[in-house]
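These are the residues of each chain, in order.
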Amino acid sequence: MKNKAVWPRKLRSSEWFGGTGKNAIMHRSWMKNQGIPADNFDGRPIIGICNTWSELTPCNAHLRDLAERVKRGVYEAGGFPVEFPVFSTGESSLRPTAMMFRNLAAMDVEEAIRGNPVDGVVLLGGCDKTTPSLLMGAASVDIPVILVSGGPMLNGKWRGKDVGSGTAIWKFSEMVKSGEMSLDEFMDAEQGMARSAGSCMTMGTASTMASMAEALGMTLPGNAAIPAVDARRRIISQLSGRRIVEMVKEDIKPSDILTKDAFENAIRVNGAVGGSTNAVIHLLALAGRVGIPLTLDDWDRLGRDVPTIVNLQPSGKYLMEEFYYAGGLPVVIKAVGDMGLLHKDAMTVNGDTIWNNVKDVQNYNDDVILSPDKPLTEHGGIAVLRGNLAPKGAVLKPSAASPHLMQHTGRAVVFENIEDYHSRINDENLDIDEDCIMVLKNCGPKGYPGMAEVGNMGLPPKILRKGITDMVRISDARMSGTAYGTVVLHVAPEAAEGGPLALVENGDMISLDVPARNLTLNVSDEELKRRKARWKSPIEKGNGGYAGLYIETVMQADTGADLDFLVGKRGSIVKRESH
Ligand code: FES
């Protein structure tokens, strides 16, 4: 990438702080109530630190500390840092689901950046939705930005064993149901599941999105895997503070980095790390913000040849700490490059190509980062399924699924919504066996506003007691990145929009054929037409507030579930208030 800008030059922030006019004096004088020397307004880059810190987002609760490290770097490079808060979407507690607020948070990020006197921004995120919301909002403004992740927690520990975030919860709760674990033991394990600052330490959505940000080129190399409490997390924060000042001088913007090649690299890296299905939705939405034509089919096309080589839970064995000690994401990117699957010239925020950033790295543990010849799963990536049950597509993560269920026909056991599922799943008289296919409706973007992470429905206790741990499950919901199973997700159009999923009835036969990428409801078109004529939308309209706006404007999963009016880039120009 050539240096586009001549330095020194007039910066965006000078529209607020430059000169001797009344407005400039007003803007500067109010800022000075924080004890800021006059020379901080002398035309040096003003760097926003956009912080998703919140004590209600435990995974991001340490980000004030990292912000201080970013500030050091900004000062060292001759900039002036200003930290500001934005809406923080905490995955573990926010209801109805953090995903409903990803777009609201992105709107907050976008308007906070555009409306304020900043020339560049360091984005601080970590928990699942905070990373995409930061990137989406910043991409719509398109001034220089760099992302710093909070980093994963140290490994969870219980009775001498590693306990992976989320993954252990799914596993232990099924073990309690099947009688293999007592409730007391489960509660004892709770104490060691989240024992340091940071985000989930499995290859769940948080680690996946940190990896996606690095593979896209939006972070310094090596950012994704450094544990939150490792001193090197502070160092990369400081270095990112230094780098953003240079990026402002070089005028490197998200639109220079977020090219089609960058997205294709990220999709392939997602296959190699065995990343979360949530990455599909977030990258589609981010591509929409920068006008890159990315589709579900790109996910299937690009992911098919990529073996999953990162042996991390939920698909594999280890956790993010081991991944970092093995060399982290740069080793994976290098392996993808060595397989001939990387656009090596894609630029990154450090001003160098993605290949130059990784070409000399070493793998320090080949049981954690496997050789592509002996992968965890030969065909990683995301399988995109189509058929009369999902005309606009559905996704499945092969690395988390059971090989024997990849081609399976079974009788549908239908749950009309998540409440229906909860009320009946433990009923010993439920007419279900392990060959059935569990179908959950009305949990898509509009049906359960935000598209809840409930697609990995737990199995009925009577089946778990037989030692069966997986069944085919189909829904328009999402699944936590920490979860696993033969789970078909993101069925589009969703049931609440009248998609074919809404028409499935108990006893229908459904065929899943992952190698053929097919999902078929074995019911005639005539019968489906009759059912459609009787179908009534479950959506309650006119609720008002953000939830009402969300339901009115959210797009379907196959295009990223952004709000329709937020798609695209709106730039950084803002009208000035005249006093
Ligand atoms: Fe925040 Fe998992 S709950 S990263």
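Counting restarts for each chain: residues are numbered from 1 in the order of the written sequence. Under the rules for a predicted model, residues below a pLDDT of 70 receive no local features and side-chain atom pairs below 80 are neither given nor counted, while totals for whole chains, interfaces and linings still include all residues. Side-chain numbers here rest on the full set of heavy atoms in the structure, without hydrogens or water.

- Per an unreviewed UniProt entry, the protein is named Dihydroxy-acid dehydratase, and its organism is Bartonella apihabitans.
- UniProt positions are given in the numbering used here, feature names are shortened, and annotations may be inferred rather than shown by experiment. Looking at the Sequence similarities (unreviewed entry) heading of the UniProt record, one finds this comment for the protein: "Belongs to the IlvD/Edd family."

Topic: the nonpolar core
The tendency in soluble globular proteins is for nonpolar side chains to be buried side by side.
Step number 1: Take the buried residues of types Ala, Val, Leu, Ile, Met, Phe, Trp, Tyr and Cys, join any two whose side-chain atoms come within 4.5 Å, and each joined set is a nonpolar core. The classification of residues rests on relative accessible area computed with a 1.4 Å probe and restricted to protein chains. Under 20% of the type maximum is buried, over 50% is exposed, and intermediate values are partly exposed. In this structure, I113, L123, F263, L283, W299, F323 and V332 are the most contacted members of the largest nonpolar core, which totals 114 residues.
Step number 2: Among the elements that make up this core, the one with the highest residue count is helix α12 (residues 278-290) (8 residues).
Step number 3: Among all residues touching W299, those that are not within four sequence positions of it are I267, N270, A279, V280, L283, L284, L294, I382 and V384.
Step number 4: The next biggest cluster of nonpolar side chains, apart from the first, holds 29 residues, and it includes I437, I474, I510 and V514. The secondary structure listing takes helices from DSSP runs of H or I that are at least 4 residues long and strands from runs of E that are at least 2 residues long, numbered from the N terminus. It only takes one pair of heavy atoms within 4.5 Å for two residues to be counted as in contact.

Thoughts on the environment of P538
Step number 1: When you line up the elements, P538 lands in the loop between α19 (525-534) and α20 (545-553).
Step number 2: Residue classification places P538 among the partly exposed residues on the basis of a relative accessible area of 42%.
Step number 3: Along the chain, P538 and G498 lie 40 residues apart, while their C-alpha atoms are 9.4 Å from each other.
Step number 4: When sequence neighbours within four positions are dropped, the list of residues in contact with P538 reads N442 and A496.

Here's the deal with the sheet that holds strand β2 (residues 80-85)
Step number 1: What the 4 strands build is an open sheet, ordered β2-β1-β3-β4; its pairing is parallel. Lying at the two open borders of the sheet, with one neighbouring strand each, are β2 and β4 (145-149). When the angles between neighbouring strand axes are averaged without regard to direction, this sheet yields 20 degrees.
Step number 2: Between any two strands, pairing holds if DSSP finds at least two bridges. For strand β3 (residues 120-125) and β4, the ladder comprises 5 bridges, and the chain directions are parallel. Pairing of G125 across the sheet is with S149, part of β4.
Step number 3: Between N-to-C directions, angles cover 0 to 180 degrees, with each direction set by a line fitted to C-alpha atoms, over the stretch in contact for helices. Sheet strands touched by helix α9 (residues 231-250): β1 (46-51), β3 and β4. Its angle to β4, the strand with the most contacts, is close to 175 degrees.

Comments concerning the pattern of salt bridges
Step number 1: We count a salt bridge whenever a side-chain nitrogen from Lys or Arg sits within 4 Å of a carboxyl oxygen from Asp or Glu. One pass over the structure, following the stated rule, counts 46 salt bridges.
Step number 2: The partner of E250 in a salt bridge is R243, and the shortest N-O contact between them spans 2.9 Å.
Step number 3: Residue R243 is classed as buried on the basis of its relative accessible area, which comes to 8%.
Step number 4: The network of salt bridges with common partners includes E110, E111, R114, R289, D562 and R570.

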